[in-house]
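Chains, contacts and geometry: an overview
Each chain is listed here by its residues.
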Amino acid sequence: MMWDGAYKLIYASNQVIQAIPDNAPAADLQLKGENLYLRALMHFSLVRIFGLPYAQNPAQNLGVPS
């Protein structure tokens, strides 16, 4: 459930980010920045919840779920 919800938000954020050019008005750039933040927060949360501890096996556990 968490995985699906997070990736739905990441997908929606990507849609907004791609739709707003870098030379857009300030209000649009703020919206783009907020979506960049939300996307990063979701990636960070997924790694915290599903990532394997790095200390257990540094060669293989790079924060990617198995």
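Preceding this section is the structure that the text describes.
Described in the following lines is the structure provided in the data block. (Residues numbered from 1 in each chain as written. Predicted model: local features only at pLDDT ≥ 70, side-chain atom pairs only at ≥ 80, totals over all residues. Heavy atoms only, no water.)

1. Considerations on the pattern of salt bridges
A complete count under the given rule lists one salt bridge for this structure. In this structure, D22 engages K32 in a salt bridge whose closest nitrogen and oxygen atoms are separated by 2.6 Å. Placement of the pair is D22 in the loop between α1 (2-19) and α2 (26-50) and K32 in helix α2, with a sequence separation of 10 residues. A relative accessible area of 65% means that D22 is categorised as exposed. Judged by relative accessible area, K32 falls into the buried class, the value being 11%. (Salt bridge = Lys/Arg side-chain N within 4 Å of Asp/Glu carboxyl O. Helix = DSSP H or I, 4+ residues; strand = E, 2+ residues; numbered from the N terminus. Buried < 20%, exposed > 50% of the residue type's maximum accessible area, 1.4 Å probe, protein only.)

2. Focus on α2
The end-to-end C-alpha separation of α2 is 36 Å, in line with the 36 Å expected for 25 residues at 1.5 Å each. Among all positions in α2, only K32, N35, M42, S45 and L46 are buried. The elements touched by buried residues of α2 are α1. (Expected span 1.5 Å × (residues − 1). Contact = heavy atoms within 4.5 Å.)

3. With respect to α1
Given a rise of 1.5 Å per residue, 18 residues ought to cover 26 Å, and the 26 Å separating the end C-alpha atoms of α1 matches this to within 8%. Of the positions making up α1, those classed as buried are A6, I10, S13 and I17. Buried residues of α1, seen end-on, are gathered within an arc of 65 degrees and therefore sit on one face of the element. α1 presents K8, Y11, Q18 and A19 as exposed residues on the side facing more than 90 degrees away from its buried surface. Residues of α1 that are buried make contact with α2. (Arc of directions from axis to C-beta.)

4. Focus: the environment of K32
Once the C-alpha coordinates of K32 and D22 are considered, the two residues, 10 residues apart in sequence, prove to be 9.0 Å apart. The residues touching K32, leaving out its near neighbours within four places in the chain, are I17, I20, P21 and D22.

5. Focus: the side chain of S13
In this fold, S13 is placed in helix α1. Setting aside residues no more than four positions away along its own chain, S13 makes contact with N35, L38 and R39.

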